[in-house]
Amino acid sequence: QVQLVESGGGLVQAGGSLRLSCAASGSIFSINVMGWYRQAPGKQRELVAVITSSGSTNYADSVKGRFTISRHNAKNTVYLQMNSLKPEDTAVYYCAASLKFGSSWLEYPYWGQGTQVTVSS
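Everything quoted here is computed from the prediction, not taken from an experiment. (Residues numbered from 1 in each chain as written. Predicted model: local features only at pLDDT ≥ 70, side-chain atom pairs only at ≥ 80, totals over all residues. Heavy atoms only, no water.)

A. The arrangement of the sheet that holds strand 3 (residues 18–26) in detail. Pairing within the open sheet is antiparallel, and its four strands lie in the order 1-3-8-7. Single-partner strands in this sheet number two, and they are strand 1 (2–7) and strand 7 (67–72). Each adjacent strand pair in this sheet contributes to an overall mean axis angle of 15 degrees, direction not counted. (Pairing = 2+ DSSP bridges. Helix = DSSP H or I, 4+ residues; strand = E, 2+ residues; numbered from the N terminus. Axes fitted to C-alpha atoms, helices over the stretch in contact; angles between N-to-C directions.)

B. Highlighting the nonpolar core. Counting residues in hydrophobic clusters, the biggest one holds 30 residues, and the most contacted among them are Leu4, Met34, Trp36, Leu80, Met82 and Tyr93. When residues of this core are traced back to their parent elements, those giving at least two are strand 1, strand 3, strand 4 (33–39), strand 5 (46–52), strand 7, strand 8 (77–82), strand 9 (91–98) and strand 11 (115–120). Dropping the residues within four chain positions of it, Leu80 is found in contact with Leu18, Arg19, Leu20, Trp36, Val48, Ala49, Phe67, Thr68, Ile69 and Tyr93. Membership of the second largest hydrophobic core comes to five residues, among which are Val33, Tyr37, Val50 and Ala96. (Core = buried A, V, L, I, M, F, W, Y, C linked by side-chain atoms within 4.5 Å. Buried < 20%, exposed > 50% of the residue type's maximum accessible area, 1.4 Å probe, protein only. Contact = heavy atoms within 4.5 Å.)

C. Main features of the pairing of strand 5. Counting buried residues along strand 5, five of its seven residues qualify, which places the element largely inside the surrounding structure. As consecutive antiparallel partners, strand 4 and strand 5 are separated by six residues, and within that stretch Gly42 has a phi angle of approximately 75 degrees, a positive value. Here three bridges tie strand 5 to strand 6 (residues 57–59), and the two strands are oriented antiparallel to one another. Directly across from Ala49, in strand 6, lies its bridge partner Tyr59. Hairpin connection, strand 5 to strand 6: the antiparallel pair is bridged by four residues, and Gly55 has positive phi, about 100 degrees.

D. Molecular detail of the side chain of Ser98. Mapping Ser98 onto the fold places it in strand 9. Of note is the side chain of Ser98, whose polar atom sits 3.2 Å from the backbone oxygen of Lys100. What Ser98 contacts, discounting residues up to four positions off in sequence, is Ser30, Ile31, Asn32, Val33, Glu107, Tyr108 and Pro109. (Polar contact = N/O pair within 3.5 Å; in protein donor to acceptor, adjacent residues only side chain to side chain.)

Fair warning: the whole summary comes from geometry, so function is off the table for now.
Following this line, the structure appears as structure tokens:
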């Protein structure tokens, strides 16, 4: 089993920045891809960004140029630097992990508890 623990959410004004962290523990040999999904009230869970252990990344179009995902393999930790935040970025952000890239959130077997990000206008 893999445990994921997120930190770093909060309330920020539009145009501001936040940094999320997610630390993995447990059977970390079973994961290669780590990243972030988000879910706003009444909406489906959607991809934000994911990264492999070799540094390959995949971003949602809505966050390209504003968000940066990075990873510290020795610490088994993934980060999401979020700049130029918009009210539409408001959501619960979930850390996810898997052995390989998934085309849907359903393909990620490991999840954190979620952290709230609220962007005020």
